[in-house]
Amino acid sequence: MEIKLFNGLHDRLETFKPIQPGKVTMYVCGPTVYDYVHIGNLRPLVVFDVLKKLFIALGYQVHHVSNYTDIDDRIIEKAQKEKVDEATIAKRYIQAYQEDVAKMNALLPNQTPTVTEHLQAMITFIGKLIKDGFAYKTPSGDVFFRVNKVKNYGQLSHVDIHENKIGARVEVNPDKENPFDFVLWKHTTQGIKFSAPFGEGRPGWHTECVVMIKETFKQTLIDIHGGGFDLKFPHHENEMAQAQVAYQSRLANYWLHNGFINLNAEKMSKSTGNIFLAKDFLSTYSGPLLRYVLLATHYRMPVNISPLIIDNAQQELKKIQIGVAQIASYIQLQGASINNQKATPPASFLATLADDINTSNALTIIHQYLKEANGLLRQSHPPLDILLNRFFTIQAMLSILGLAIEFPILTTEDHQLYKDYLQAKSNQNFGRSDEIRKILHQRNILF
Ligand SMILES: [Zn+2]
């Protein structure tokens, strides 16, 4: 099946062609672990998890890597404030993030490298850039990347280094040769620092992903590089610039970016305080609900979190939960097993996801299947074989979207109650049958 993805490198939909047939290499920029993440930080987690599950369903072998930035000024600042070391802070928030990931029912990456683990490789990498004239040391001890040396700097984000328009995202520093030059090694006096041939300090953020890609995939060009849209510039542009001069590679063939999350019509951002922490959302609501909210909108469009959006998603998710529970109960009451039957999702469902990850359409298809199954259940003799098939097909679709929907597993007592209910009905003992019906209703078995 042809997979089309919106490639941020050319700003158009392109047919996915893997470097190696049947295999996908995918790197997604992970969190900087200085605090609890907000729900916006979980959007790439969900988007790339669905993409990964789609690839797996289509028979691809996926090598998925996502990093933790465990060395950063914000981590150093927090460590000093709490009078602990940086590793304590990083460990705490990596653990918290992993708890969120588990609640979101996302597949774990094959590797989760950290800066700490790859420090030596980063030092060697920066040293080589200096030696080859692609980086320079300033009087204050920082090492900067020389963007003037990259022929097509700006090819990803379309910034123009000759335009001299210094935006808010380019740091002003008189030591820089070009305002777009970015730090590879930061001379630091505070907090954790490492020694390198070019001085004591810590590595810059843009270098870690370039180095980790080579270290983890053992290759300098991968298929997919992903992250939030705000990473396109400067982070991804700067990653690509380094890869171009160091590896003569554009680092990835497909650059995918997910849209922002707004909270009550304003961009969600730590700096403005307009945030909804993932852990708070997950304890107030649930993982499946957050997934539903995120999947209901196309990944490149903004999601506006509001009470109305949450409410709508709750209702839609409830429809799925009730629909699945109804079929599951019926199947079990008929004495059939609902365990582990493998089913493939319908081609239309896979095709809609293969069309640039159209998750909102994919949800519509699930609702259509449930509606049809509901119609079958209303027949005087619901066809068990068709319902079994629908049940496993719906499960297969939900599993690709990562929506873990619980359904009742009937006990011997439940089965007995159901028998008693049928018996009471055939004896025309309607008082008794109503009584049992109520119990079965409460147990989510009869509806
Ligand atoms: Zn990155």
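For clarity, every value in this text was computed on a predicted model and none was experimentally measured. (Residues numbered from 1 in each chain as written. Predicted model: local features only at pLDDT ≥ 70, side-chain atom pairs only at ≥ 80, totals over all residues.)

## Focus: the overall build of the chain
Argument step 1. Within the chain, the secondary structure is distributed over 14 helices and 14 strands.
Argument step 2. With the principal axes as the frame, the chain shows a C-alpha extent of 95 × 50 × 35 Å.
Argument step 3. Looking at the 447 residues of the chain, the share that counts as buried comes to 40%.
Argument step 4. Restricting the contact set of the chain to residue pairs at least 6 apart, pairs at least 24 apart contribute 74%. (Helix = DSSP H or I, 4+ residues; strand = E, 2+ residues; numbered from the N terminus. Buried ≥ 20, exposed ≤ 12 C-beta atoms within 10 Å, placed from the backbone. Contact = placed C-beta atoms within 7 Å.)

## Comments concerning the sheet that holds strand β13 (residues 266–267)
Argument step 1. With mixed pairing, the three strands of this open sheet are ordered in space as β13-β12-β14. Here the strands that pair on one side only, and so sit at the sheet edges, are β13 and β14 (303–305). (Pairing = 2+ DSSP bridges.)

## Description of the environment of Gly-375
Argument step 1. Structurally, the position occupied by Gly-375 is in helix α11 (residues 359–377).
Argument step 2. Its 10 C-beta neighbours within 10 Å are what place Gly-375 among the exposed residues.
Argument step 3. In this structure, the C-alpha to C-alpha distance between Gly-375 and Tyr-34, residues 341 residues apart in sequence, is 51 Å.

## Overview of unusual backbone geometry
Argument step 1. Pro-234 follows Phe-233 through a cis peptide bond whose omega is 0 degrees.
Argument step 2. The backbone phi angle of Leu-251 is positive, close to 75 degrees, even though this residue is not glycine.
Argument step 3. You can see Leu-251 is positioned in the loop between α6 (232–247) and β11 (252–258).
Argument step 4. Of note in the backbone geometry, Ala-265 takes a positive phi value of approximately 70 degrees without being a glycine.

## Considering helix α4 (residues 119–131)
Argument step 1. Its 13 residues give α4 an end-to-end C-alpha distance of 18 Å, which sits within 8% of 18 Å, the value for a rise of 1.5 Å per residue.
Argument step 2. Regarding α4, the residues found buried are Met-122, Phe-125, Ile-126 and Leu-129. Looking straight down α4, one finds that the buried residues subtend no more than 95 degrees of arc, so they occupy a single side. Set apart from the buried face of α4 by more than 90 degrees, the exposed residues are Gln-120, Thr-124 and Lys-131.
Argument step 3. Where α4 is buried, its residues meet β5 (135–137), β6 (143–145), β7 (183–187), β9 (199–203), α5 (205–217) and α6.
Argument step 4. Downstream of α4 by a residue or two, Gly-133 has a phi angle that is positive, lying close to 85 degrees. (Expected span 1.5 Å × (residues − 1). Arc of directions from axis to C-beta.)

## Regarding the nonpolar core
Argument step 1. Val-46, Val-50, Phe-145, Leu-184 and Leu-353 are the most contacted members of the largest nonpolar core, which has 109 residues in total.
Argument step 2. Broken down by element, this core gets its largest block of residues, eight residues, from helix α1 (residues 43–57).
Argument step 3. What Phe-145 contacts, discounting residues up to four positions off in sequence, is Leu-129, Phe-134, Ala-135, Asp-181, Phe-182, Leu-184, Asn-238, Ala-241 and Gln-242. (Core = buried A, V, L, I, M, F, W, Y, C linked by C-beta atoms within 7 Å.)

## What to know about the sheet that holds strand β10 (residues 222–228)
Argument step 1. Strands sit in the order β4-β3-β10-β11 across an open sheet of four strands; the sheet is parallel. Unpaired on one side and paired on the other, β4 (61–66) and β11 mark the two borders of the sheet. When strand polarity is set aside, the average angle formed by the axes of neighbouring strands in this sheet is 20 degrees. (Axes fitted to C-alpha atoms, helices over the stretch in contact; angles between N-to-C directions.)

## Re the pairing of strand β3 (residues 23–28)
Argument step 1. The buried count for β3 comes to five of six residues, which makes it a mostly enclosed element.
Argument step 2. Pairing geometry for β3 and β4, over six bridges, is parallel. From the neighbouring strand, Val-28 faces β4, where its bridge partner is Ser-66.
Argument step 3. Regarding topology, α1 serves as the crossover connection from β3 to the parallel β4, and that connection is right-handed. (Right-handed = clockwise from strand over helix to strand, strands pointing away.)

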